Every structure is written in C-alpha cells, then in structure tokens.
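Each chain is listed here by its residues.
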Amino acid sequence: MNILSPSLLSIDFNHIERNAKVLDEAGVKWFHLDVMDGTFVRNISFGPPVIKCIRKVTDSFFDVHLMINEPIRYIDAFADAGADMLTVHYEACKDLQETIDAVKAAGMKVGIAVNPETPVHWLEYYINQVDMVLIMSVNPGFGGQKFMPIALTKLQEVKALAEERNPELLIEVDGGITVDNVRDVLDAGANVVVAGSAVFKGDKKANIAAFMEKLNA
C-alpha cells in the first residue's frame, strides 16, 4: 500500500491542532516533519519542542527528516519528542553506520536520504539495515521547488537494489510532488510520497482525496 506523508513545512502553524485533525479525518496516517539547522541547509525550521507539541494532537506516524549536521547528537531528543522514524542524510554524518545503530537503539525506525547530486550506488552497504530510503527530488532546504526528473532514475536504481537486498524497504520521494506527477514516481519505485503545498494549498481534504485516488489506483 502506498503512503502519503504530508510535509508540515506547509502547514499553518497558527492552527496546528485544527490542521492536524483535518489530516487525520482525511485518512492521512503519516506526518512528514522537516528539521533544518541553518548549517547543513540554509533554512531553519523547527526542532524537538515543536514536534512534541504536534505529537499531543495526533497519533499519526511521525516521519522525521533531519536536514542537520551530525544528527547523532539529537537522537534521544527526537525519540523523546515522539518521532517514529528518523531519516538522516549520508552527507551530514561523519559515521553513518554509528548513526544508524544509534537510531535503532533509541527504538525508532531509520531512513537514509539521498540528495539529487549524490549517487545511490553506495546504498548497497546499508540498504539491508534501514527501513527507508528517501530520494530528494529537489535540493533540500526549501519548499515549493519544481520536481527534478533525475529522481525517477534514482528511484528505479533504489528499487532494483531493494528487490535484491531488502524487499520490505520503504522508498520515499520528497520535492515538487503533485497530483499530476505522483503516478510517475510511484511507477518508478516510490511507495511513500511527501507533498507540501500540493496538500495544504486550497481545500486540504479535496487535495488529499485526489492524492489517495492516485496512490491507490
């Protein structure tokens, strides 16, 4: 079953509880939470205290994407805040293996993110140890960017690796996803789709319904 994981970067933070309930009522089971530190990426978003507040108003699965340098420093804080899965960037970890092990030890699922310019061949060393691979289809750190078609090739490559080494792997794609191109990423191998403005701009329930129709076709 394919999964929609709306990116809360696009949520109205003045009405977090109300919007979280809209997502829940529309059948959304995952929330995508982008954490940016202003160093690994240029923007700053939010951290564990905000995630802990959102956790109080929903039981949805918290898909936490850490765009921060040396995320191993904050694993316990995110676990305490209510994260269900932490996805870390290969480029941001001095010791990716140690970071993967630490996330698991904290009781969370673990994912690895791949930037658009980063080749995916090195994933063969880790793909059987993680729960998810995240293919970035835009440059990380900014919302509202256009989808980069190179992501389709990367999704196909990860799917091929997963079939050999980890058939249960979740393959997520993030950046510029709309109702119009979501079938393309699903056909390329994605089974978890992140969408921000395409979910939150306008009628959220109608937008979610349109995504769900494509995801479950």
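Everything here concerns the structure above.
Residues numbered from 1 in each chain as written. Predicted model: local features only at pLDDT ≥ 70, side-chain atom pairs only at ≥ 80, totals over all residues. Heavy atoms only, no water.

### Focus: the packing of aromatic side chains
Two numbers describe a pair of aromatic rings. These are the distance of the centres and the angle of the planes. Inspection of the entire model under this criterion finds five aromatic pairs. Summarising the aromatic geometry, the rings of Phe13 and Phe46 are spaced 5.8 Å apart at their centres and angled 55° between planes, so their arrangement reads as tilted. One end of the pair, Phe13, is in the loop between strand S1 (3–6) and helix H1 (16–25); the other, Phe46, is in the loop between strand S2 (30–36) and helix H2 (48–55), with 33 residues separating them in the sequence. Accessibility expressed as a relative area gives 35% for Phe13, which makes it partly exposed. Relative accessible area serves as the criterion here: at 11%, Phe46 is assigned to the buried category. Considering the side-chain rings of Trp122 and Tyr126, the 6.2 Å spacing of their centres and the 70° angle between planes classify their relative orientation as edge-to-face. The class of Trp122 is buried, set by a relative accessible area of 8%. (Phe/Tyr/Trp six-rings, centres within 6.5 Å; stacked < 30°, edge-to-face > 60°. Helix = DSSP H or I, 4+ residues; strand = E, 2+ residues; numbered from the N terminus. Buried < 20%, exposed > 50% of the residue type's maximum accessible area, 1.4 Å probe, protein only.)

### Remarks on the pattern of salt bridges
Across all of its chains, the model carries five salt bridges by this definition. Residue Arg183 is joined to Asp187 by a salt bridge in which the shortest nitrogen-to-oxygen separation is 3.1 Å. Here Arg183 pairs with Asp187, and both are found in helix H6 (residues 182–188), just four residues apart, close to one helical turn. Overall, the relative accessible area of 26% leaves Arg183 in the partly exposed class. (Salt bridge = Lys/Arg side-chain N within 4 Å of Asp/Glu carboxyl O.)

### What to know about H1
Of all the residues in H1, the buried ones are Ile16, Asn19, Ala20, Val22 and Leu23. Down the axis, H1 shows its buried residues gathered within 155° of arc, on one side only. Set apart from the buried face of H1 by more than 90 degrees, the exposed residues are Arg18 and Glu25. Those residues of H1 hidden inside the fold are in contact with S1, S2, H2, helix H7 (197–200) and helix H8 (204–215). A positive backbone phi angle near 95° is found at Gly27, which sits one or two residues after H1. (Arc of directions from axis to C-beta. Contact = heavy atoms within 4.5 Å.)

### Some thoughts on the packing of H1 against H8
Put simply, H1 and H8 touch, their axes get as near as 10 Å, and they point 35° apart. Along this stretch, H1 crosses H8, giving a crossing that reads as right-handed. In contact with Asn19, Val22, Leu23 and Glu25 of H1, H8 contributes Lys204, Lys205 and Ile208. Class assignment of the residues belonging to the contact of H1 with H8 gives a composition of three nonpolar, one polar and three charged. (Axes fitted to C-alpha atoms, helices over the stretch in contact; angles between N-to-C directions. Left-handed = near helix turned anticlockwise from the far one by under 90°. Nonpolar A, V, L, I, M, F, W, Y, C, P; charged D, E, K, R; others polar.)

### Brief notes about the sheet that holds strand S8 (residues 192–195)
Pairing is parallel across the open sheet formed by eight strands, whose spatial order is S1-S8-S7-S6-S5-S4-S3-S2. One side of each edge strand has no neighbouring strand; the edge strands of this open sheet are S1 and S2. Between one strand axis and the next, the sheet turns by 25° as a mean value, whatever way the strands run. As paired elements, S1 and S8 share four bridges and run parallel to each other. Across the sheet, residue Pro6 finds its bridge partner in S8, namely Ala195. (Pairing = 2+ DSSP bridges.)

### So, the environment of Val179
The topology assignment puts Val179 in the loop between strand S7 (170–174) and H6. The spatial distance from the C-alpha of Val179 to the C-alpha of Met85 is 25 Å, given a sequence separation of 94 residues. Contacts of Val179, omitting those with residues within four sequence positions, involve Ala210, Phe211 and Lys214.

### A word on the pairing of S8
Side-chain alternation along S8 places Val192 and Val194 on one buried face and Val193 and Ala195 on a second face that is also buried. Handedness of the crossover is the feature at issue here: the chain leaves S7, passes through H6, returns alongside S8, and the resulting connection is right-handed. (Right-handed = clockwise from strand over helix to strand, strands pointing away.)

### A short note on unusual backbone geometry
The phi torsion at Glu70 lies on the positive side, around 50°, for a residue other than glycine. Mapping Glu70 onto the fold places it in the loop between strand S3 (61–67) and helix H3 (75–81).

### With respect to the environment of Met108
Mapped onto the elements, Met108 comes out in the loop between helix H4 (96–105) and strand S5 (109–114). Its relative accessible area of 7% is what places Met108 among the buried residues. The sequence separation of Met108 and His89 amounts to 19 residues, and the corresponding C-alpha distance is 16 Å.

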